[in-house]
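# Architecture at a glance
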Amino acid sequence: MIVRVFRAVVHAERRAEFETFFRTKAIPLMLAQDGLVSLTAGLPRPETPNEFCMVMVWRDVEALAAFAGEDWRQPHVDPSEVGVVKERHLHHYELAAP
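Residues numbered from 1 in each chain as written. Predicted model: local features only at pLDDT ≥ 70, side-chain atom pairs only at ≥ 80, totals over all residues. Heavy atoms only, no water.

## Concerning the overall build of the protein chain
For the protein chain, the count of helices and strands is 2 helices and 4 strands. N-terminal to C-terminal, the α/β element order of the protein chain is β-α-β-β-α-β. Whereas a compact globule of 98 residues would reach a radius of gyration of roughly 13 Å, the protein chain reaches 13 Å, a difference of no more than 12%. Structurally, the protein chain occupies a C-alpha span of about 35 × 25 × 20 Å along its principal axes. By residue count, 34% of the 98 residues in the protein chain fall in the buried class. Here the contacts in the protein chain between residues at least 6 apart in sequence split such that 68% fall between residues at least 24 apart. When the accessible surface of the protein chain is summed, it comes to about 5900 Å², and 54% of that surface belongs to carbon and sulfur atoms. Averaging the locations of the 11 positively and 14 negatively charged side chains of the protein chain gives two centres separated by 5 Å. (Helix = DSSP H or I, 4+ residues; strand = E, 2+ residues; numbered from the N terminus. Rg over C-alpha atoms; globule rule 2.2 N^0.38 Å. Buried < 20%, exposed > 50% of the residue type's maximum accessible area, 1.4 Å probe, protein only. Contact = heavy atoms within 4.5 Å. Areas by Shrake-Rupley, 256 points an atom, 1.4 Å probe, with all protein chains shown as cover. Lys, Arg positive; Asp, Glu negative; His and termini not counted. Charge placed at Lys NZ, Arg CZ, Asp CG, Glu CD.)

Set out below in structure tokens:
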């Protein structure tokens, strides 16, 4: 299984807009994906006021690639994120234990 950790840092003045997108579009989109085993979504905290994250576990690389495309090592960018997200960070890992 593949662990995919995504973090997005948004422009402070667009945080509320991104949070709406995150809750109403991004999370439901991810939960509907075949091959997604689990999703944990994180909202900003005071020490990281403009940072959101998703920790996903995918069944395998094929399932991840079916969602993200051949270039699955790059963040999947929804058109709604353009101009809102300042930084994107993406990392992949093998799951150590189920």
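## Remarks on the packing of aromatic side chains
Note on aromatic pairs: each is described by the distance of the centres and the angle between the planes. Per the counting criterion, the structure on display carries 5 aromatic pairs. Of the aromatic side chains, those joined through ring pairs into one cluster are Phe18, Phe21, Phe22 and Phe52. (Phe/Tyr/Trp six-rings, centres within 6.5 Å; stacked < 30°, edge-to-face > 60°.)

## Let's talk about the nonpolar core
Residues Phe18, Met30, Met54, Met56 and Trp58 are the most contacted members of the largest nonpolar core, which totals 23 residues. In terms of residue count, helix α1 (residues 15-31) provides more of this core than any other element does, 5 residues in total. Setting aside residues up to four positions removed in sequence, Met30 forms contacts with Leu36, Leu39, Met54, Met56, Trp58 and Phe67. (Core = buried A, V, L, I, M, F, W, Y, C linked by side-chain atoms within 4.5 Å.)

## Remarks on the sheet that holds strand β3 (residues 51-58)
The antiparallel open sheet is built from 4 strands, whose spatial order is β2-β3-β1-β4. Edge positions in the sheet fall to β2 (36-42) and β4 (85-94), since each of these pairs with one other strand and no more. Strand-to-strand, the axes of this sheet are offset by a mean angle of 15 degrees, without reference to chain direction. Alignment of β2 against β3, held across 6 bridges, turns out to be antiparallel. Each residue of the ladder has a partner; that of Ser38, found in β3, is Val57. The sheet strands contacting α1 are β1 (2-10), β2, β3 and β4, and the helix crosses β3 at an angle near 5 degrees. (Pairing = 2+ DSSP bridges. Axes fitted to C-alpha atoms, helices over the stretch in contact; angles between N-to-C directions.)

## Here we look at the pattern of salt bridges
Overall, the coordinates contain 7 salt bridges when judged by the stated rule. Residues Arg59 and Asp60 are paired through a salt bridge, measuring 3.6 Å at the closest nitrogen-oxygen approach. Judged by relative accessible area, which is 24%, Asp60 ranks as partly exposed. (Salt bridge = Lys/Arg side-chain N within 4 Å of Asp/Glu carboxyl O.)

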